[in-house]
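# Structural overview for review
The chain contents come next:
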Amino acid sequence: MSVDRGSARARVTELLGIEHPIVQGPFGGGYSTVGLAAAVSNGGGLGSYGAHVLAPAEIGAVVAEIRARTARPFAVNLWVPQPGERELAVTEEEFAAYLGPVRPHLERLGLPDPEFPVSFGQDFERQVEALLEARPPVFSFVMGIPPTSVLAEARRRGIVTLGTATTVDEAVALDEAGVDAVVASGSDAGGHRGAWLRPVGESLVGTFSLVPQVVDAVSVPVVAAGGIVDGRGITAALALGAGAVQIGTGFLATDESGASPAHKEALHGPQARVTVLTSAFSGRQARTIANGFARDLAGREGELAPYPVQGALTAPLRRAAVERGLPDYLNLWAGQAAPLARPRTAREYLAALVEEAGL
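Residues numbered from 1 in each chain as written. Predicted model: local features only at pLDDT ≥ 70, side-chain atom pairs only at ≥ 80, totals over all residues. Heavy atoms only, no water.

## Description of the sheet that holds strand 11 (residues 286–289)
The strands making up a sheet are joined through hydrogen bonds of the backbone, oriented either antiparallel or parallel. Spatially, 3 strands are ordered 7-11-10 in an open sheet, and the strand pairing comes out antiparallel. Because the sheet does not close on itself, it has two edges, and the strands there are strand 7 (191–192) and strand 10 (275–278). The pairing of strand 7 with strand 11 spans 2 bridges and is antiparallel. Along strand 11, the bridge assignment pairs His192 with Ala286. (Pairing = 2+ DSSP bridges. Helix = DSSP H or I, 4+ residues; strand = E, 2+ residues; numbered from the N terminus.)

The following block contains the structure:
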């Protein structure tokens, strides 16, 4: 099938109000920063901020901060709760059992056991209310589809919606729900796998297999994501029919990102050549650079707590790892093309992408 690259690109850039067909991947868990989102938007791309761990009041504050740093469009990202996630109830006995695989690592670092009960994170409905009230130019989301009323209200308020699919079926569901554009996120991508119609193991489609299938299956513009770090990846994605690309790991490696120094050092080292999918850090499958903690629990994943309980159990380890510079205990999120990333500012990186891809 022939692809009109110019038309596909124009649809996305006009929809998002951006100059270059490049979206910065949204990072949750403190990896996003106002400075990074503003730098990408000011450079002509779409900066993004992952807000899924923020309290509702914090979402409004972040939107205001980004607006103070850029007059150009940007996106705020939330995680859609998966079925049964918010109803999850863990007894004290179950909590103690889930703690078993993690406790030796806590002891090794001289850390106390996490206390029961654990926090189950933010209230999605209140987060969405705060986001709609703040009116960011773009609302992007992963892990599912928000309620129809939310999408309708976003449209009424002039907020563009950008939903993420890891399979063709998910992309079709998003299209039918009325999103404005679909991010086709291949299994090459770093961080959490956002599969929501089928288990992750049945949803691992590589980016350059996924993108053309999604382009053929949906009526809305498609943004390619996963394993794209340089101009060659952008050129390939656009040739397959995507109108733009979303780049996560490459921007995670820039100066402005909230990744720790140890994380950035790992991204720029030879260890980034080996990534694995693991639920050891959060209870949900995610792609990380292989390290001691992920390898140690690789054979015990059936014993681990579900999301978000596992995240609460490992939080002390991850905090200590950042404070002490211990990469073996960090969730070193990275896509499979991470070795192509280079240390530099976000503005320098964006400019290099534009030049390399001839945009």
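The rest of the description comes next.
## Focus on the pairing of strand 8 (residues 222–225)
Neither face of strand 8 is open: one carries Val222 and Ala224, the other Val223 and Ala225, and all of them are buried. As paired elements, strand 6 (residues 181–185) and strand 8 share 4 bridges and run parallel to each other. Bridge pairing links Val182 to Val222 in strand 8. As defined by bridge partners, strand 8 adjoins strand 9 (residues 244–247) across 3 bridges and the pair is classed as parallel. Residue Ala224 lies in a different strand from strand 9, and its bridge partner there is Val245. Handedness of the crossover joining strand 8 and strand 9 through helix 10 (residues 231–239): right-handed. (Buried < 20%, exposed > 50% of the residue type's maximum accessible area, 1.4 Å probe, protein only. Right-handed = clockwise from strand over helix to strand, strands pointing away.)

## Quick notes on the nonpolar core
Counting 97 residues, the largest nonpolar core has Ile22, Ile234, Ile247 and Phe251 as its most contacted members. Once you skip the residues sitting within four places of it in the chain, Ile22 turns out to touch Gly45, Leu46, Ile234, Val245, Ile247, Phe251, Leu350, Leu353, Val354 and Leu359. One finds Leu16, Val23, Ala75 and Val138 within the second-largest nonpolar core, a separate group that totals 14 residues. (Core = buried A, V, L, I, M, F, W, Y, C linked by side-chain atoms within 4.5 Å. Contact = heavy atoms within 4.5 Å.)

## What to know about the pairing of strand 6
Burial within strand 6 is extensive, with 5 of its 5 residues counted as buried. With burial as the criterion, each face of strand 6 is covered, one bearing Ala181, Val183 and Ser185 and the other bearing Val182 and Ala184. Where strand 5 (residues 160–165) lies against strand 6, 4 bridges are found, and the strand directions are parallel. By the bridge assignment for strand 6, Leu162 is matched with Ala181. Handedness of the crossover joining strand 5 and strand 6 through helix 8 (residues 168–177): right-handed.

## Description of the sheet that holds strand 6
On the basis of which strands lie adjacent, the open sheet formed by 8 strands has the order 1-9-8-6-5-4-3-2 and parallel pairing. Each of the sheet's edge strands pairs with one partner strand only, and the pair in question is strand 1 (22–24) and strand 2 (47–50). Adjacent strand axes in the sheet meet at a mean angle of 25 degrees, parallel and antiparallel pairs treated alike. Both strand 1 and strand 9 contribute to a ladder of 3 bridges, which runs parallel. When the sheet's bridge partners are listed, Val23 is paired in strand 9 with Gln246. In this fold helix 8 packs onto strand 4 (138–142), strand 5 and strand 6, with an angle of close to 160 degrees to the strand it touches most, strand 5. (Axes fitted to C-alpha atoms, helices over the stretch in contact; angles between N-to-C directions.)

## Section: the packing of aromatic side chains
Ring pairs (aromatic) are described by centroid distance and by the angle formed between their planes. Within this structure, the stated rule accounts for 7 aromatic pairs. Measuring from centroid to centroid gives 4.8 Å for Phe251 and Tyr349, while their planes differ by 70 degrees, and the two rings are edge-to-face. You can see Phe251 sitting in helix 11 (residues 249–252) and its partner Tyr349 sitting in helix 15 (residues 346–357), a full 98 residues away along the chain. Take Tyr349: its relative accessible area is 1%, and that puts it in the buried class. One aromatic cluster in this structure is built from Phe281, Phe293, Tyr329 and Trp333. (Phe/Tyr/Trp six-rings, centres within 6.5 Å; stacked < 30°, edge-to-face > 60°.)

## Quick notes on the pattern of salt bridges
Counted under the stated rule, the structure contains 7 salt bridges. Glu133 is the salt-bridge partner of Arg157, the closest N and O atoms lying 3.9 Å from each other. Taken as a pair, Arg157 in the loop between helix 7 (148–156) and strand 5 and Glu133 in helix 6 (residues 124–134) lie far apart in primary sequence, 24 residues in all. In this structure Glu133 comes out as exposed when scored by relative accessible area, which is 58%. Arg157 is paired through a salt bridge with Glu153; the nearest N and O atoms lie 2.6 Å apart. (Salt bridge = Lys/Arg side-chain N within 4 Å of Asp/Glu carboxyl O.)

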